[in-house]
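# What the coordinates show
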Amino acid sequence: MYCYRSIAEDLFWIGGNDRRLCCFEATYPVPQGVSYNAYLLKDDKTVVFDTVDQKVGRTYFANLAHLLEGRCPDYLIVQHMEPDHSAQIADFLRLYPQTTVVCNQKTKTMLQRFFPELTGINTLIVSEGTVLETGHHSLSFLMAPMVHWPEVMMTFDSSTGTLFSADAFGTFGALNGALFADEVDFPHEYLPEARRYYTNIVGKYGVPVTAVLKKAGALGIRMICPLHGFVWRENIDWYIEKYTRWSSYTPEETGVLIAYASVYGNTERAAEYLACRLREGGMQVVMYDTSVTHPSYILAQAFRFSHAVFAAPTYNGGVFVTMETLLHDLAAHGYTNRTVAIIENGSWAPAAAKEMKNLLAGCKNLKMLEPAVTVPSAASEQTRTQLEELAQALIAAK
């Protein structure tokens, strides 16, 4: 059964939603599911923008067949070769063998690797600034390498001001019948998942994202059609500003993320004591137990806030395993430009602080507040004094 939505008189969403997926890219929990977006432009020439993940392929092809009304697509534009968007290319070309695949040279190479059975297909190789006229629409192509694969490109329809943005400007979460961001309360219901999507999927590639944003900013964008999440037709500048902050590693808000690991509760109580003192000083605080919360959620909050405190016990002569995972993820995703403090716990040979600093050593421009606070098994009066001093130092570091 087909299930599409109209975007404009001649532009349609033909994607699908997956609410049974447990982990996106086998890594990131998606309890609200995810959408796989693809689009159909019915002009003098018929253009399809990308395919979808194999899990929603049946819906995709039903939507396509219904809207084509017997026509064969003239073009299939392949903007990104990650399998959640390219999985149906071979099936697409078996159904519509006369279609010309529009892609760049890097994408063509990947096509041959992913689908060696595809031989003799029609291709149109495009590069930066290439223009494709479809009748009433004029499509040009922007190369977006490492946003977040090397072959990625975006397509801009200058006739309508529509940017088909590949994986940029996406979000986790199924669409639930909505398509446009203004059909939902996006800032409250979806912004956390948009932030988590960006920071975990694209976050490492801030420099390439910034470069693409500069190119796109000169285009006069009036609508954004990403490959995941909602289509943007209102408040576009607000969303672009979020991407500008995330890609430049600029905090959205002044506040403190406290991430802690605690085996028997003593480290947790030290973190709670610090949180109380910070709140009394007027600081916003969010807290996460690394043994309970998936690191993708904590990483997103680390990008959101200006300050972070990492608290963990010494474990096997190093740092507790869930904290080690989190700090490794932060370093891998380019965490930078933040004020950071460390709390360690150790009953006889505290070593967590040293290991935590080593894990963060690859992060650029971190202001590390010294000294680290050491909790000797359980917090003493001296420890509480040190935590109060740390709270004041964090507040002063605004």
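Now for a quick tour of the structure. (Residues numbered from 1 in each chain as written. Predicted model: local features only at pLDDT ≥ 70, side-chain atom pairs only at ≥ 80, totals over all residues. Heavy atoms only, no water.)

With that settled, consider the overall build of the protein. Helix and strand content of the protein: 13 helices and 23 strands. Its C-alpha atoms put the protein at 80 × 40 × 35 Å along the principal axes. Here the protein holds 398 residues, and the buried ones make up 56% of them. A separation threshold of at least 6 residues defines the contact pool for the protein, and within that pool the share at least 24 residues apart is 72%. For the protein, the separation between the mean place of its 32 positive charges and that of its 41 negative charges on side chains is 3 Å. (Helix = DSSP H or I, 4+ residues; strand = E, 2+ residues; numbered from the N terminus. Buried < 20%, exposed > 50% of the residue type's maximum accessible area, 1.4 Å probe, protein only. Contact = heavy atoms within 4.5 Å. Lys, Arg positive; Asp, Glu negative; His and termini not counted. Charge placed at Lys NZ, Arg CZ, Asp CG, Glu CD.)

Here we take up the pairing of strand S1 (residues 5-8). Pairing of S1 with strand S2 (residues 11-13), which is carried by three bridges, proceeds in the antiparallel orientation. Following the sheet pairing, Arg5 is matched in S2 by Trp13. What sits between the antiparallel neighbours S1 and S2 is a turn of two residues. (Pairing = 2+ DSSP bridges.)

Of note, Met153 is situated in strand S14 (residues 153-157). Its relative accessible area of 0% is what places Met153 among the buried residues. Linking Met153 and Val212, residues 59 residues apart in sequence, is a C-alpha distance of 9.8 Å. Ignoring anything within four residues of it in the chain, the contact list for Met153 reads Ile77, Val78, Gln79, Val102, Cys103, Asn104, Val126, Phe141, Leu142, Met143, Ala144 and Ala166.

We now examine the packing of aromatic side chains. Taken as a whole, this structure holds 26 aromatic pairs when the rule is applied. Ring geometry for Trp232 versus Tyr239: centroids 4.3 Å apart, planes at 20 degrees, classification stacked. What makes Trp232 buried here is its relative accessible area of 3%. Between Tyr249 and Phe303 the ring centres are 5.9 Å apart and the planes differ by 50 degrees, which places this aromatic pair in the tilted class. Taken together, the residues span a long stretch of sequence, with Tyr249 in the loop between helix H8 (236-247) and strand S17 (253-260) and Phe303 in helix H10 (residues 295-304) at a distance of 54 residues. Assessed through its relative accessible area of 13%, Tyr249 is described here as buried. (Phe/Tyr/Trp six-rings, centres within 6.5 Å; stacked < 30°, edge-to-face > 60°.)

Here we come to the sheet that holds S1. Spatially, seven strands are ordered S1-S2-S7-S8-S9-S10-S11 in an open sheet, and the strand pairing comes out mixed. Since the sheet does not close on itself, it has two edges, and those belong to S1 and strand S11 (122-125), each with one partner. Across the sheet, the mean angle from the axis of one strand to that of its neighbour is 25 degrees, orientation sign disregarded. Pairing analysis gives three bridges linking strand S9 (residues 75-77) to strand S10 (residues 100-103), with the strands arranged parallel. Paired with Ile77 across the strands is Val102, a residue of S10. In this fold helix H1 (residues 57-68) packs onto S2, strand S7 (39-42), strand S8 (46-49) and S9, with an angle of close to 10 degrees to the strand it touches most, S7. Lying on the sheet, helix H4 (residues 105-114) is in contact with S10 and S11; it crosses S10 at an angle near 125 degrees. (Axes fitted to C-alpha atoms, helices over the stretch in contact; angles between N-to-C directions.)

This brings us to a nonpolar patch on the surface. On the surface, Val263, Tyr264, Tyr315 and Val321 cluster together to form a nonpolar patch covering roughly 430 Å² of accessible area. Within the fold, Tyr315 resides in strand S19 (residues 305-315). Residue classification places Tyr315 among the partly exposed residues on the basis of a relative accessible area of 36%. (Patch = residues over 30% accessible without salt bridge, like charges linked within 9 Å, V, L, I, M, F, W, Y side chains within 5 Å. Areas by Shrake-Rupley, 256 points an atom, 1.4 Å probe, with all protein chains shown as cover. Salt bridge = Lys/Arg side-chain N within 4 Å of Asp/Glu carboxyl O.)

Topologically, Ala379 is positioned in the loop between strand S23 (373-375) and helix H13 (381-396). What makes Ala379 partly exposed here is its relative accessible area of 34%. In sequence terms Ala379 and Thr27 are 352 residues apart; their C-alpha atoms lie 36 Å from each other.

On to the pattern of salt bridges, then. Throughout the structure, instances matching the rule amount to 15 salt bridges. Across the pair Arg5 and Glu183 runs a salt bridge, and its minimum N-O distance is 2.9 Å. You can see Arg5 sitting in strand S1 and its partner Glu183 sitting in the loop between strand S15 (162-164) and helix H5 (186-189), a full 178 residues away along the chain. A network of salt bridges, in which partner residues are shared, links Arg195, Lys242 and Glu252.

Moving on: the sheet that holds strand S13 (residues 138-143). Read across the sheet, five strands follow the order S12-S13-S14-S15-S16 without closing on themselves; strand pairing throughout is mixed. Looking along the sheet, the strands with just one partner apiece sit at the ends: strand S12 (131-133) and strand S16 (223-225). For this sheet, the mean inter-axis angle between neighbouring strands, taken without regard to orientation, is 20 degrees. Two elements, S14 and S15, share three bridges in a ladder whose sense is antiparallel.

Attention now goes to helix H9 (residues 266-280). With 15 residues, H9 ought to run about 21 Å at 1.5 Å a step, and its terminal C-alpha atoms sit 22 Å apart, in line with that. Within H9, burial applies to Thr267, Ala270, Ala271, Leu274, Ala275, Arg277 and Leu278. The buried side chains of H9 occupy one side of the element, clustering within an arc of 165 degrees when seen end-on. More than 90 degrees from the buried face of H9, the exposed residues found are Arg269 and Glu280. Lining the buried residues of H9 we find S17, strand S18 (285-289), S19, strand S21 (338-345), S23 and H13. (Expected span 1.5 Å × (residues − 1). Arc of directions from axis to C-beta.)

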